[in-house]
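Letter by letter, the chains look like this.
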Amino acid sequence: MNCIVCVTSVPDTASVIKIGEDGKHIDETGIKWIVSPYDEYALEEALQITEAKGGEVTAVTYGPQRAEAALRDCLARGAHKAVHVIGGETTLGDSFTIAKVLAAALKDREYDMVLCGFKGAGTDCGQVAQMLAELLDLPHVTNVTKLETGESSAVAYREIEGGQEVVEVPLPFVLTAQKGLNEPRYAALKGIMAAKRKPVEKIQVADLGIEEGTDPFTVIQSLELPPAKQAGKIIQGEDDPKAAAAELVKLLREEAKAF
Amino acid sequence: MAGILVFIEQRDGEVRRASLQALSEARRLSDETCAVIAGQGIADAAAKLGAYGASKVYVADDANLALYSSEGYTEVVAKAAEAAAPSAIFFSATALGKDLAPRLAARLGVGALADVTGLAIEGDALVATRPVYSGKAFVSVDTGGKRPQVVSLRPNVFSDEEVGGSAEIVSLDGLSLSIRAVVKEIVATGGGELDVAEANVIVSGGRGIKGPENFKLIRELAEQLGAAVGASRAVVDAGWIDHSHQVGQTGKVVSPSLYVAAGISGAIQHLAGMSSSKIIVAINKDPDAPIFKVCDYGVVGDLFDVIPPMVEEIKKLTA
């Protein structure tokens, strides 16, 4: 069973976000780039499937040169191959362009499943996988927290508000992984060494017949930090917690009208 | 601006409040608001939508649409879009809306703006504001002149408003439903508890509650406030509560009108997930906890001493 895992590089979730000079993108100075945490669940699931059933895991990313680090990380954790579509400097958050690039990159490959994280931690769109599925004319299941993979179909448990949908889907299909699906492994030293010898196929985005930036589907006008919050009212409750609780409830009821 | 088509989500024939919020926002932005609804036995739900400003409701009532299907529902909305020729299509950014909107957008050959928290009209197009990096920044974004503009609206940010009126019901026929991913059943989890993603009030517990058994304290306060129970990543990773309760950058990003953080110090990832809440309350022993920097009201004290009298006070006031 061959699995494609689409990964994206995002700023470490502990990053402090600063606005770049153009006022439209983040200041990348000092940013540590990591594989988006949700993509780690997708990769882990693909590794477990191929370990149980045979086949290969191919990690695919669309991004600038630095994005190769994400692919090396996937290879170190056990992915067999990697494909780097080089580009994407100017298309931050343009989900449909990303989906088109990935669809073009996957078009002639053979696979039984395409796995993605349920959103890129940062752009927080959560759209590429569904668009990719539509472009490849495949069914999709998002937000998956449990997967049972058979020979020609799978049962995916999809998290919704207050419950789970149990979805039966034929292979091949596109899924997005949610936290809870599995426990992602770390790369061991041996894997990191082995990753250095594994191939990374490089494709220029123009070679896929896609011209970047000329026909965007989403256009960023500005990026801003949220307005600074005014200092809140702090009640000292160590000596008399009961009085503090009463004061808090009174403020919430009368001043904030919160309940 | 020109017409807006709003996808209306229902579960068991009950229209989701988040969908009414999207419909009301569409009515505020446009003089020409239509709705589309899919399911089985949904005539009553469809009839209600006129009161929220829809002038026309496209209805796809079909046994194959009784439960959600991305492919089936995409077909329905695409058909309605063909009939209504709207300049924008709204969804609510629920689990369903977030699944459906991008597929529909790709079907129509356009992009989509996800989980927006603000909408404005510039010229004859919508400009959306949406949080990125889980709310550490906000981006203003448009669709570069492409139509229709597909947008999903974050629940609980826009208000629903009954305005009276009735809608013309249009039945959508001739659907070609080829559904490969089939929802076999819906399993309720969490004993029917309110989900943080759609709650208007959330009470969250963190490491300060010391053990899973003490979530009962959080639950008691939540119950008094009609709130959902949230949690920090630390306690989810420790296995004290299911991850569906996790609020933060790798959990759910929420914007309730009241968020109470008890025993949560406020890691940057947690703050990102809840900082756009309208009123934030922090209860923590450590006066230097970062959560106190973002809260509107804070109590420095032991949550085990503060929460029980809070519960009593609220009981008194709401009795």
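What you are looking at is a predicted structure, and each value in this text was computed from that prediction instead of being measured.

Scoring rules and cut-offs
- Residues numbered from 1 in each chain as written.
- Chains lettered and ligands numbered in written order.
- Predicted model: local features only at pLDDT ≥ 70, side-chain atom pairs only at ≥ 80, totals over all residues.
- Helix = DSSP H or I, 4+ residues; strand = E, 2+ residues; numbered from the N terminus.
- Contact = placed C-beta atoms within 7 Å.
- Rg over C-alpha atoms; globule rule 2.2 N^0.38 Å.
- Buried ≥ 20, exposed ≤ 12 C-beta atoms within 10 Å, placed from the backbone.
- Pairing = 2+ DSSP bridges.
- Axes fitted to C-alpha atoms, helices over the stretch in contact; angles between N-to-C directions.
- Nonpolar A, V, L, I, M, F, W, Y, C, P; charged D, E, K, R; others polar.

Caption draft 1: Representation of the overall build of chain A within the structure. If you tally the helices and strands in chain A, you get six helices and 13 strands. C-alpha extents for chain A along the principal axes are approximately 65 × 45 × 40 Å. For chain A, long-range pairs separated by at least 24 residues make up 71% of all intrachain contacts whose partners lie at least 6 apart in sequence.

Caption draft 2: Spatial organisation of the overall build of chain B. Looking only at helices and strands, one finds nine helices and 18 strands in chain B. Taken against the 2.2 N^0.38 rule, which gives 20 Å for 319 residues, the C-alpha radius of gyration of chain B at 21 Å falls within 12% of a compact globule. The C-alpha extent of chain B, read off along each of the three principal axes, is 60 × 40 × 40 Å. Counting only residues that meet the buried cut, chain B has 61% of its 319 residues in that class. Partitioning the contacts of chain B with sequence separation of at least 6, the portion at a separation of at least 24 is 67%.

Caption draft 3: The sheet that holds strand β13 (residues 233–236) of chain A, seen in detail. What the six strands build is an open sheet, ordered β13(A)-β18(B)-β17(B)-β16(B)-β14(B)-β15(B); its pairing is parallel. In the strand order of this sheet, the two ends are held by β13 of chain A together with β15 (228–231) of chain B, each with one partner. Ignoring strand direction, the axes of neighbouring strands in this sheet form an average angle of 15°. Pairing between β13 of chain A and strand β18 (residues 297–300) of chain B: four bridges, direction parallel. Bridge pairing in β18 of chain B links Ile-234 of chain A to Gly-298 of chain B. Taken strand by strand, helix α5 (residues 215–225) of chain B contacts β14 (201–205), β15 and β16 (258–262) of chain B, and its axis lies near 170° from that of β14 of chain B. Contacts between helix α9 (residues 303–318) of chain B and the sheet are confined to β16, β17 (279–284) and β18 of chain B, with β17 of chain B contributing the most and set at about 130° to the helix.

Caption draft 4: Structural view of unusual backbone geometry. Note the cis peptide between Leu-171 of chain A and Pro-172 of chain A, where omega equals -10°. Counting through the fold element by element, Pro-172 of chain A comes out in the loop between β9 (163–170) and β10 (173–177). Cis peptide bonds are those with omega within 30 degrees of zero, and the linkage from Arg-147 of chain B to Pro-148 of chain B qualifies with -10°. Within the fold, Pro-148 of chain B resides in the loop between β10 (137–142) and β11 (149–153).

Caption draft 5: Examining the interface of chain A and chain B more closely. Residue-level contacts link 73 residues of chain A with 82 residues of chain B. Within the residue set of the side of chain A that touches chain B, elements represented by two or more residues are α3 (95–106), α4 (128–135), β7 (140–149), β8 (153–160), β9, β12 (219–224), β13 and α6 (241–255) of chain A. Take the side of chain A that touches chain B: its biggest share by element is 10 residues, from α6 of chain A. A class-by-class count of the residues in the side of chain A that touches chain B yields 39 nonpolar, 20 polar and 14 charged.

The values are spatial; any link to function lies outside them.
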